[in-house]
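Here is what each chain is made of, one letter per residue.
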Amino acid sequence: MQQDASPAQRSSAAGEGRPSRTVRPRHYLMCSPVHFDVVYSINPWMEPAKPTDTALAVAQWERLRSLFLGLGHQVELIEPVPGLPDMVFAANGATVVGGKVLSARFRHAERADEGPAYAAWFRENGYEVHDAVHTNEGEGDYLVTGDRILAGTGFRTDRRSHAEAERFLGLPVTTLELVDPRFYHLDTALAVLDHEEVMYYPGAFTPESRRTLRELYPDAIRATEEDAAVFGLNAVSDGRHVLLPEQATHLIDALWSRGFVPIGVDLSELLKSGGSSKCCTLEIRGRERGAEA
Ligand code: ARG
């Protein structure tokens, strides 16, 4: 693949002693930002007075989608619903493990209708959907690693949802509590890179959750505040390629040194709503592959 040529050369030239990374092809669900806008504010990034450029949002999103396709991933699309300007953030639409779908139930009324819209897509496509009892914002707060689910709480997802997710999805859930309003979803503060490898910004978590993360992932990449503030942790990894904002320069260096191939993306329009590449990407983990990260 064209784009991979220089990263591949770079990693083989200086790759001594680094783990070699393998891609596991992914199945994603995305939603075009044709109705994207910032008309309400439910996180500190959103300023309705600031103008948005929907055409630019669509172009940036299209680039993300073609990157996924170019890397060999499958991308499904859900029809965008007028009046739901944040529906582009597909990660919030559900959590899918082993072909089972836990529906989303949004904290704010402005996004409430997105939950049923995503649940309907999954039902129409033959998935088993559990209608969530407790508030949860899908993969915004549920990140699946090789053998567990890391679950955020503090701003959006209700802690009681964690037990519901564990019961329905059948993987142990580890609760992590967020404290910095800029990093209101877990996927803005932590990214899963491979089975049991993550990167995260410690300052986004309570001391207790930081301890949990240190114990689980002693070798994790720790992001600087600068990297977190440009949404560097809102990254999508396929086990080898890691798509993240090009401004997250420290993380990009750290990823190279661990044998990953970082790919910079620009989603500046969507950042006006507090989202980037991971927010736009819902992973459909099928039955055959179970819950691998
Ligand atoms: N404006 C949206 C909200 O505040 C952004 C969601 C970003 N999604 C994510 N997975 N972090 O809900």
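Quick note: structure is the one above.
Let me sum up the structure you'll find in this document. For clarity, every value in this text was computed on a predicted model and none was experimentally measured.

The rules behind these values
- Residues numbered from 1 in each chain as written.
- Predicted model: local features only at pLDDT ≥ 70, side-chain atom pairs only at ≥ 80, totals over all residues.
- Heavy atoms only, no water.
- Near = heavy atom within 4 Å.
- Polar contact = N/O pair within 3.5 Å; in protein donor to acceptor, adjacent residues only side chain to side chain.
- Areas by Shrake-Rupley, 256 points an atom, 1.4 Å probe, with all protein chains shown as cover.
- 1 Å grid on protein atoms, 1.4 Å probe; cavity = no way out; pocket = protein on both sides within 12 Å on 5 of 7 lines; lining within 4 Å.
- Sits in = over half its atoms within 2 Å of the grid points.
- Nonpolar A, V, L, I, M, F, W, Y, C, P; charged D, E, K, R; others polar.
- Salt bridge = Lys/Arg side-chain N within 4 Å of Asp/Glu carboxyl O.
- Helix = DSSP H or I, 4+ residues; strand = E, 2+ residues; numbered from the N terminus.
- Buried < 20%, exposed > 50% of the residue type's maximum accessible area, 1.4 Å probe, protein only.
- Pairing = 2+ DSSP bridges.
- Axes fitted to C-alpha atoms, helices over the stretch in contact; angles between N-to-C directions.
- Contact = heavy atoms within 4.5 Å.
- Phe/Tyr/Trp six-rings, centres within 6.5 Å; stacked < 30°, edge-to-face > 60°.
- Points joined across faces, edges and corners; volume = space filled by probe spheres on them.

What follows is about the site of the ligand. Surrounding the ligand, one finds 17 residues, the nearest of these being Asn 43, Arg 111, Asp 187, Ser 273 and Cys 279. Within the contact set of the ligand, an oxygen atom lies 2.7 Å away from a side-chain nitrogen or oxygen of Asn 43. The contact in question runs from a nitrogen atom of the ligand to an N or O atom on the side chain of His 185, over 2.8 Å. Relative to its unbound accessible area of 350 Å², the ligand is 100% covered by the protein chains. The cavity that encloses the ligand is the second largest cavity. Residue composition of the shell around the ligand, by class: 6 nonpolar, 7 polar and 4 charged.

Here we come to the pattern of salt bridges. It is possible for side chains bearing opposite charge to pair when their charged atoms get close. Taken as a whole, this structure holds 16 salt bridges when the rule is applied. A salt bridge links Lys 278 to Glu 139; the shortest N-O distance between them is 2.6 Å. Here the residue Lys 278 occupies a position in the loop between α8 (268–271) and β15 (282–283), and Glu 139 occupies one in the loop between β5 (128–130) and β6 (142–144), the gap between them amounting to 139 residues. Each member of the pair, Lys 278 as well as Glu 139, is classed as buried.

The next subject is the sheet that holds strand β3 (residues 94–97). With respect to topology, 3 strands assemble into an open sheet ordered β3-β4-β5, the strand pairing being mixed. Since the sheet does not close on itself, it has two edges, and those belong to β3 and β5, each with one partner. Shown here is a sheet whose adjacent strand axes are inclined to one another by a mean of 25 degrees, direction ignored. Bridge analysis of β3 against strand β4 (residues 100–103) gives 4 bridges, and the strand direction is antiparallel. What sits directly across from Val 97, in β4, is Lys 100. Across the sheet, helix α3 (residues 114–124) touches β3, β4 and β5, and the angle it forms with β5 is around 155 degrees. Running over the sheet, helix α4 (residues 159–169) touches β3, β4 and β5 and is turned about 160 degrees from β4.

In this section: the environment of Asp 238. With respect to the element layout, Asp 238 can be found in the loop between β12 (236–237) and β13 (241–245). Each C-alpha atom of the pair Asp 238 and Ser 268 lies 22 Å from the other, and the pair is 30 residues apart in sequence. Beyond its immediate stretch of four places on either side in the chain, Asp 238 contacts Thr 22, Val 23, Arg 24, Arg 26, Leu 71 and His 73.

Turning next to the packing of aromatic side chains. Within the structure shown, the criterion is met by 7 aromatic pairs. When the centroid spacing of 4.9 Å and the interplanar angle of 85 degrees are considered together, the rings of Trp 45 and Phe 231 count as edge-to-face. Taken together, the residues span a long stretch of sequence, with Trp 45 in the loop between β1 (27–30) and α2 (54–70) and Phe 231 in the loop between α6 (225–229) and β12 at a distance of 186 residues. Three or more aromatic residues joined by ring pairs form one cluster here, namely Trp 121, Phe 122 and Tyr 127.

Below, the discussion takes up empty space enclosed by the protein. Remark: the empty space left among the atoms is shown by a probe the size of a water molecule rolled over them. Tallying each qualifying case throughout the model produces 4 cavities of 30 Å³ or more. Here the second largest cavity defines a volume of roughly 70 Å³. Each residue belonging to the lining of the second largest cavity can be placed in one class, and the counts come to 5 nonpolar, 6 polar and 3 charged.

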